[in-house]
There are 4 protein chains.
Amino acid sequence: MNFRTDLALERHELSKEKDSEGVSFQCFHEEGMTISRIEITSQKGADKLQKPIGKYITLEIPFLKSSGDILSPAAEILAREIRSLLPSEGTVLVAGLGNDKITPDALGPECIEKLLATRHISPEVAQSIGFSSLRSVAGIVPGVLGNTGIETAEILEGITEKIKPCALIVIDALASRSLSRLGTTIQMCDTGVSPGAGVGNKRSRIDEKSMGVPVIAIGVPTVVDGVTMTLDILEKAGIDIEKVLHRNQLSIQENVMVTPKEIDNVITRAAGFIALGINKALQWQLPLEDLAAIVG
Amino acid sequence: MNFRTDLALERHELSKEKDSEGVSFQCFHEEGMTISRIEITSQKGADKLQKPIGKYITLEIPFLKSSGDILSPAAEILAREIRSLLPSEGTVLVAGLGNDKITPDALGPECIEKLLATRHISPEVAQSIGFSSLRSVAGIVPGVLGNTGIETAEILEGITEKIKPCALIVIDALASRSLSRLGTTIQMCDTGVSPGAGVGNKRSRIDEKSMGVPVIAIGVPTVVDGVTMTLDILEKAGIDIEKVLHRNQLSIQENVMVTPKEIDNVITRAAGFIALGINKALQWQLPLEDLAAIVG
Amino acid sequence: MNFRTDLALERHELSKEKDSEGVSFQCFHEEGMTISRIEITSQKGADKLQKPIGKYITLEIPFLKSSGDILSPAAEILAREIRSLLPSEGTVLVAGLGNDKITPDALGPECIEKLLATRHISPEVAQSIGFSSLRSVAGIVPGVLGNTGIETAEILEGITEKIKPCALIVIDALASRSLSRLGTTIQMCDTGVSPGAGVGNKRSRIDEKSMGVPVIAIGVPTVVDGVTMTLDILEKAGIDIEKVLHRNQLSIQENVMVTPKEIDNVITRAAGFIALGINKALQWQLPLEDLAAIVG
Amino acid sequence: MNFRTDLALERHELSKEKDSEGVSFQCFHEEGMTISRIEITSQKGADKLQKPIGKYITLEIPFLKSSGDILSPAAEILAREIRSLLPSEGTVLVAGLGNDKITPDALGPECIEKLLATRHISPEVAQSIGFSSLRSVAGIVPGVLGNTGIETAEILEGITEKIKPCALIVIDALASRSLSRLGTTIQMCDTGVSPGAGVGNKRSRIDEKSMGVPVIAIGVPTVVDGVTMTLDILEKAGIDIEKVLHRNQLSIQENVMVTPKEIDNVITRAAGFIALGINKALQWQLPLEDLAAIVG
């Protein structure tokens, strides 16, 4: 059965083997979250999980979608995990992919609104406003091919060649197989991203190979396709799908992507949380409360 | 099996009988649309369709979701159908129900933005801007109980008592059983509405009984609940649901409402189309093009 | 010279007499703000200040426009002053006047978005979420006459008759004579408001007489008309206006209202601050931090 | 007296000489607009008008701010004038400068929303949707330095090097000396732009020299500074400013930029009109009505 998903963790779950050649898996609990680390170490593992060779860190945060509570401890851990994937110094360029006029696709642009961009702040100014040493951070919202006529990869290559960052962070909305993951799971990986791939478009890949610097992708599932969701609901109800269905019976609706009714709130919460995690990962010396206040 | 839906037409489809006691059904095609008229004439019919006694007109407009074409002929027909439900003279109060900050719920508020309100325009001013006789129209966005602390019914009763309209039109987002109806079907009825009922909330009903004047409800499905969608997909794939599933197996996810990824566009298109239909229904003497230009 | 202003404080400044028959004036400093209390006690005073008989409290808060600092002490004082104008118990209806699509006019609607409406929360629910006793609060955004066809006064009368509040708070954007007051001054009064009066429209007055309950108006200047601004700039430059100008020389541009380039931020800050003040005034028993967190 | 303005036409008016060395001036009326062509041909002219050597075309369109009428003839003329400044073939990159969260600064970003980007549409697809030959157009919203940490010039250089356009169009909000020009005047020039210069910031210049391709700047005044406005109002009232004022008397408020109360509408109208003009200039073979329908 074809479950469409951008999450390495869901691919791993579907494989039904805890460990296998070319894939290592580790999972633990911290501050109410479940943290998984998957490493795909060979092409055999990549073929099995249908994801490129590299590291995938997943945070399952059930309370992210609904909570009004202070998420500081969780944000500290998110920052720590992002930091583990980044070079320790140099300018970082953060790109918010997606279309800010399509709510479930606006995760990236909304994150950039809350990003603490510092590349233009001189050390003197930084000191005068109470920040002794700020790491250089730049942000960009490249837009989407349909509106700009330019591949996101082309835009990011152009800017990367100009400002020479040490690494690129790209933020994008993802597809998952399960409704319950929408707005509650964060995936970070060092393998980059193919804009629009999760919703069936093939585009120029944004990764270390194309950009010339490490590319960290951060994403949250915000959509699920109708058939995947149906299969997932049946499976969770304990029904043996293979017995009931032939693959092609459902194919006609395969392209209908759905999102929760509360998607406006889901995006606002997830974008704010990720922006705080990135800001803390990049300005490790600053207290989280100060960053939370700046971000607002 | 429990299909959740606000559409009388879907209830009628589910009943699997074309005609039955207390329910009359008529269906025809016009300008690319399918138009259905259901009349529930007795409590027996009401029980069968789980809807109050009254008239239900449904327009199925497959091109509404996606088309950039001029929808003028369809809008003329929508106007004609709305008009058939309204008294021929007197002030009409149009209320846009729902939460304008939750995209799938913003249909009503977005319609009111494009409503041609005229109650405050004196005949002299109307004449001076080239409109010889404008019907008196008022509009209101009452908000939602969670934000205002006031039942929508209370707000509308208060305003109705003050401005004494001859009829009330209420616009609201609906739930359907089928993904393919989202943003493509318009239901008009003379039985009023229960705000939030489609998504499981019970509220004070807004109808002729509570308001003291005829209440015409106009709605478009924008959400479907996960289980209903699953059942619908299975049924369309030709699977005998009763054989496969027990009712309670799926109950756990019953409250997850989903909406299409393109909901922002769906709302914009549907709201513009309905506003044009209402404006034309109420200013029947004005050419549709002029109204389309005013609405923008 | 004709300075257009909605502020009693500016009228008092222009009168150039500290105290006069029918007008009492008191002024003090607290937490970085200047607080003025003007009471107009007779028609003679009303004629002099061109404002109705009643109490006017003005907070001058230079840091409101620009500060990212915590405004808690100022918000506590705002809450205290609002509270001094309100009955001590009973439901309070808060109305956010103005047009939410015109940035400088969106103060009222933005406040209501952040209002803690509680009228629909039962004591049991309130207790279960940790609030032992919530005062009953309702909120409404009535829209503007040009869009609704209904006078704001009519809408508020209708709702007031329905829900019987003990008092009405109306929030509206004001006009001042001075650019430097835009977004930095809050006026509260017990004399009500005439929607649109500050920008030259005459509308049905919203006050204790028309509503049948006390009406507290809270406003912030967000616009100044071009000529008033010119006169104000000349006066502050020490130029004797009467010598230089005849009244009619400038009349032609009298209707051009201007607002600061940063008006989006001005509205966001002022609306958040006033909402916090109102929420605290009405839920006096709750800590300000909790209310600040709820409001977000 | 120091009038702050980005308009060559206002500089020319202030110089009080119709023609002078290094400056040629031509002015005519067409379709209700006043069209001026200023050419600065020498450094002497550049010094006099405080603008770089090059061509400046200005359209004064009094009805742009308020009209609901069809602006087609005016849009045709705008298209013709833009076209006169552009190479006749090759990809054109259009950049919408400014901050989309600050209403008076959102002109550029709003234009790009309505741009017909075509660079990604293959000739086959173009033909299949009824367009026999589309000129290649790309669009970008680079954001502002304070949010991105990257100079707009750097972003545009990076993208320009990547996609090799034949020319760059940059759209930006301007400052004028006169309130009456806000939202009613369009300046086009071939001398490029300095982002933020109109409001007192010095930034890397975006022009043919820095970009390596012709740069056409299109702008509309949306702000005026308080002192300039005061001087302008006094001058129009027939007052001899030099007699009344010393330059430094007003300096203290020099940085307060103001915008009309109706700025939201001003931006929407101007952005739609410019986008239509650009789309027509670049797809000269397509009828204006078709482009107006696409843009919406």
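Residues numbered from 1 in each chain as written. Chains lettered and ligands numbered in written order. Predicted model: local features only at pLDDT ≥ 70, side-chain atom pairs only at ≥ 80, totals over all residues. Heavy atoms only, no water.

S.K.: Tell me about the overall build of chain A, and please be specific about residues and values.
M.R.: In terms of regular secondary structure, chain A is built from 12 helices and 9 strands. The globule rule puts the C-alpha radius of gyration for 296 residues at 19 Å, and the 19 Å found for chain A is close to it. Residues counted as buried form 59% of the 296 residues belonging to chain A. For chain A, contacts bridging at least 24 residues in sequence account for 74% of all contacts bridging at least 6. Total accessible area on chain A stands at roughly 11600 Å², and carbon and sulfur atoms take up 49% of it. Mean positive and mean negative side-chain charge positions of chain A (30 and 38 charges, respectively) differ by 2 Å. (Helix = DSSP H or I, 4+ residues; strand = E, 2+ residues; numbered from the N terminus. Rg over C-alpha atoms; globule rule 2.2 N^0.38 Å. Buried < 20%, exposed > 50% of the residue type's maximum accessible area, 1.4 Å probe, protein only. Contact = heavy atoms within 4.5 Å. Areas by Shrake-Rupley, 256 points an atom, 1.4 Å probe, with all protein chains shown as cover. Lys, Arg positive; Asp, Glu negative; His and termini not counted. Charge placed at Lys NZ, Arg CZ, Asp CG, Glu CD.)

S.K.: Lay out the relation of the copies chain C and chain B with the relevant residues and their values.
M.R.: Mapping chain C onto chain B calls for a screw motion: a turn of 180 degrees about the axis and a shift of 0.0 Å along it, with 0.0 Å RMSD after fitting. Both copies of the chain, as the preceding transformation shows, are related through a two-fold rotation axis. For chain C, the smallest separation between a C-alpha atom and the rotation axis is recorded for C:G158, amounting to 2.1 Å. Taken together, the interface assignments show that 100% of the residues at the interface of chain C recur at the interface of chain B, consistent with an identical surface on both copies. (Least-squares fit on C-alpha atoms with pLDDT ≥ 70 in both.)

S.K.: Give me the packing of aromatic side chains: which residues, what numbers.
M.R.: Enumeration according to the criterion identifies 0 aromatic pairs over all chains in this entry. Directly above the ring of A:W284 sits A:K280, whose terminal nitrogen or CZ lies 5.2 Å from the centroid. (Phe/Tyr/Trp six-rings, centres within 6.5 Å; stacked < 30°, edge-to-face > 60°. Lys NZ or Arg CZ within 6 Å of the ring centre and 35° of its normal.)

S.K.: Before we move on, can you summarise the interface of chain D and chain C with the specific residues and values?
M.R.: With 29 residues of chain D in contact, the opposing surface of chain C contributes 28 residues. Between chain D and chain C, roughly 2600 Å² of surface is buried when both sides are summed, and carbon and sulfur atoms account for 68% of that area. Scanning the region where chain D abuts chain C turns up 0 salt bridges. Summed over the shared surface of chain D and chain C, the number is 5 residue pairs in polar contact (both at pLDDT 80 or more). With 7 residues, helix α9 (residues 226-236) of chain D is the single largest residue contributor to the side of chain D that touches chain C. Of the residues belonging to the side of chain D that touches chain C, the class tally is 18 nonpolar, 6 polar and 5 charged. Pairing of strand β9 (residues 257-260) of chain C with strand β9 (residues 257-260) of chain D involves 3 bridges; the strand directions are antiparallel. Looking at β9(D), one finds that C:T259 is bridged to D:T259. (Buried area = accessible area lost by both parts, 1.4 Å probe. Salt bridge = Lys/Arg side-chain N within 4 Å of Asp/Glu carboxyl O. Polar contact = N/O pair within 3.5 Å; in protein donor to acceptor, adjacent residues only side chain to side chain. Nonpolar A, V, L, I, M, F, W, Y, C, P; charged D, E, K, R; others polar. Pairing = 2+ DSSP bridges.)

S.K.: Quick rundown of the pattern of salt bridges? Include the residues and the values.
M.R.: Within this structure, the stated rule accounts for 60 salt bridges over all chains. In this structure, A:K101 and D:E113 form a salt bridge, with 3.2 Å as the shortest nitrogen-oxygen distance. Of the two residues, A:K101 is situated in the loop between β4 (92-96) and α4 (107-113) and D:E113 in helix α4 (residues 107-113); the pairing between them involves two chains. The salt bridge involving C:K162 is made with B:E157; its shortest N-O contact spans 3.2 Å. Taken as a pair, C:K162 in helix α7 (residues 152-163) and B:E157 in helix α7 (residues 152-163) lie in two separate chains rather than in one. Each of A:E10, A:E13, A:E60, A:R177, A:R181 and A:D232 takes part in a single network of salt bridges with overlapping partners.

S.K.: Could you give an account of helix α7 (residues 152-163) of chain A, naming the residues involved and the relevant values?
M.R.: The terminal C-alpha atoms of α7(A) lie 17 Å apart, and with 12 residues this matches the ideal 16 Å at 1.5 Å per residue to within 8%. Across the 12 residues that make up α7(A), a large majority, 10, are buried. Where α7(A) is concerned, the buried positions are A:T152, A:A153, A:E154, A:I155, A:L156, A:E157, A:G158, A:I159, A:T160 and A:I163. Buried residues along α7(A) sit against β4, β5 (137-140), β6 (167-175) and α8 (208-211) of chain A together with β5 (137-140) and α7 (152-163) of chain D. (Expected span 1.5 Å × (residues − 1).)

S.K.: Lay out the nonpolar core with the relevant residues and their values.
M.R.: Of all hydrophobic cores here, the largest spans 58 residues; its most connected members are B:V170, B:I206, C:V170 and C:I206. Leaving out residues up to four positions away in the same chain, C:I206 has contacts with C:L97, C:T152, C:A153, C:L156, C:L168, C:V170, C:G192, C:V193, C:P195, C:M211 and C:V215. (Core = buried A, V, L, I, M, F, W, Y, C linked by side-chain atoms within 4.5 Å.)

S.K.: Which residues make up the environment of A:A117, and what values do they have?
M.R.: Residue placement: A:A117 occurs in the loop between α4 and α5 (123-128). Judged by its relative accessible area of 6%, A:A117 falls in the buried class. Residue contacts for A:A117: discarding those within four places in its chain leaves A:V137, D:G146, D:N147, D:T148 and D:G149.

S.K.: Kindly report on the interface of chain C and chain B, identifying the contributing residues and their values.
M.R.: With 28 residues of chain C at the interface, the matching set in chain B holds 28 residues. Here chain C meets chain B over a buried area of about 2000 Å², counting both sides, of which 55% is carbon and sulfur. Of all residues in chain C, C:H120, C:I150 and C:K162 give up the largest surface area on contact with chain B, accounting jointly for 24% of the area buried on that side. Taken together, the connections running from chain C to chain B amount to 8 salt bridges. Put simply, C:E161 and B:K162 hold a salt bridge, and the shortest N to O gap is 3.0 Å. At the surface where chain C touches chain B, the tally comes to 12 residue pairs in polar contact (both at pLDDT 80 or more).

S.K.: Account for the pairing of strand β8 (residues 215-225) of chain C, naming residues and giving values.
M.R.: Residue and element names in this part refer to chain C. With respect to burial, β8 is a largely interior element, 11 of its 11 residues being buried. Where strand β6 (residues 167-175) lies against β8, 8 bridges are found, and the strand directions are parallel. If you follow D172 over to β8, its bridge partner there is G219. Alignment of strand β7 (residues 185-189) against β8, held across 3 bridges, turns out to be antiparallel. Directly across from Q187, in β8, lies its bridge partner G219. Pairing of β8 with β9, which is carried by 2 bridges, proceeds in the antiparallel orientation. Opposite V224, over in β9, you have V258 as the bridge partner.

S.K.: How would you explain the arrangement of the chains if you had to name every residue and give the values?
M.R.: Nothing in chain A touches chain C; the tightest C-alpha to C-alpha distance between them is still 8 Å. Looking at chain B next to chain D, you find no contact at all, with the nearest C-alpha pair sitting 8 Å apart.

S.K.: Explain unusual backbone geometry to me, and be specific about the residues and the numbers.
M.R.: All names here are of chain C. Its identity is not glycine, yet E31 carries a phi of approximately 50 degrees, on the positive side. Note that E31 resides in the loop between β1 (23-30) and β2 (33-40). According to the relative accessible area criterion, E31 is partly exposed, its value standing at 49%. Positioned with a positive phi, K164 is a non-glycine residue whose angle comes to about 50 degrees. Within the secondary structure, K164 sits in the loop between α7 and β6.

S.K.: Describe the pairing of β4(A), naming the residues involved and giving the relevant values.
M.R.: All names here are of chain A. Burial analysis of β4 places 5 of its 5 residues in the buried class, which makes it a mostly covered element. Side-chain alternation along β4 places V92, V94 and G96 on one buried face and L93 and A95 on a second face that is also buried. Sheet analysis places β4 next to β6, joined by 5 bridges and oriented parallel. The residue bridging V94 from the neighbouring strand is I169, located in β6.

S.K.: How would you summarise the confidence of the model for chain A if you had to cite specific residues and measurements?
M.R.: Taken residue by residue, chain A gives an average pLDDT of 89. The fraction at 70 or more is 91%. Scoring of the predicted complex yields 0.94 for pTM and 0.92 for ipTM. (pLDDT = per-residue confidence, 0-100.)

S.K.: Give me the packing of helix α3 (residues 72-84) of chain C against helix α11 (residues 263-282) of chain C: which residues, what numbers.
M.R.: Residues and elements named next belong to chain C. Contact geometry of α3 with α11 gives a least axis separation of 8 Å together with a crossing angle of 55 degrees. As judged from the angle between their axes, α3 and α11 are oblique. Along this stretch, α3 crosses α11, giving a crossing that reads as right-handed. In this structure, α3 uses A74, A75, E76, L78, A79, I82 and R83 to contact α11, whose residues at the interface are F273, I274, L276, G277, I278, K280 and A281. A per-class count over the contact of α3 with α11 returns 10 nonpolar, 1 polar and 3 charged. (Axes fitted to C-alpha atoms, helices over the stretch in contact; angles between N-to-C directions. Parallel < 35°, antiparallel > 145°, perpendicular 65-115°, else oblique. Left-handed = near helix turned anticlockwise from the far one by under 90°.)

S.K.: Give a description of helix α1 (residues 8-15) of chain B that names residues and reports values.
M.R.: Residue and element names in this part refer to chain B. Among the 8 residues in α1, 6 count as buried, and that is most of the element. Every buried residue of α1 is accounted for by A8, L9, E10, R11, H12 and S15. Lining the buried residues of α1 we find β1 (23-30), β2 (33-40), α2 (43-49), β3 (54-60) and β7 (185-189).

S.K.: Give a description of the packing of helix α9 (residues 226-236) of chain A against helix α9 (residues 226-236) of chain B that names residues and reports values.
M.R.: Two numbers describe how α9(A) lies on α9(B): the axes approach to 9 Å, and their chain directions differ by 105 degrees. As the angle between them shows, α9(A) and α9(B) are arranged roughly perpendicular. For the pair formed by α9(A) and α9(B), the contact residues are A:G226, A:M229, A:T230, A:I233 and A:L234 on the first element and B:G226, B:M229, B:T230, B:I233 and B:L234 on the second.

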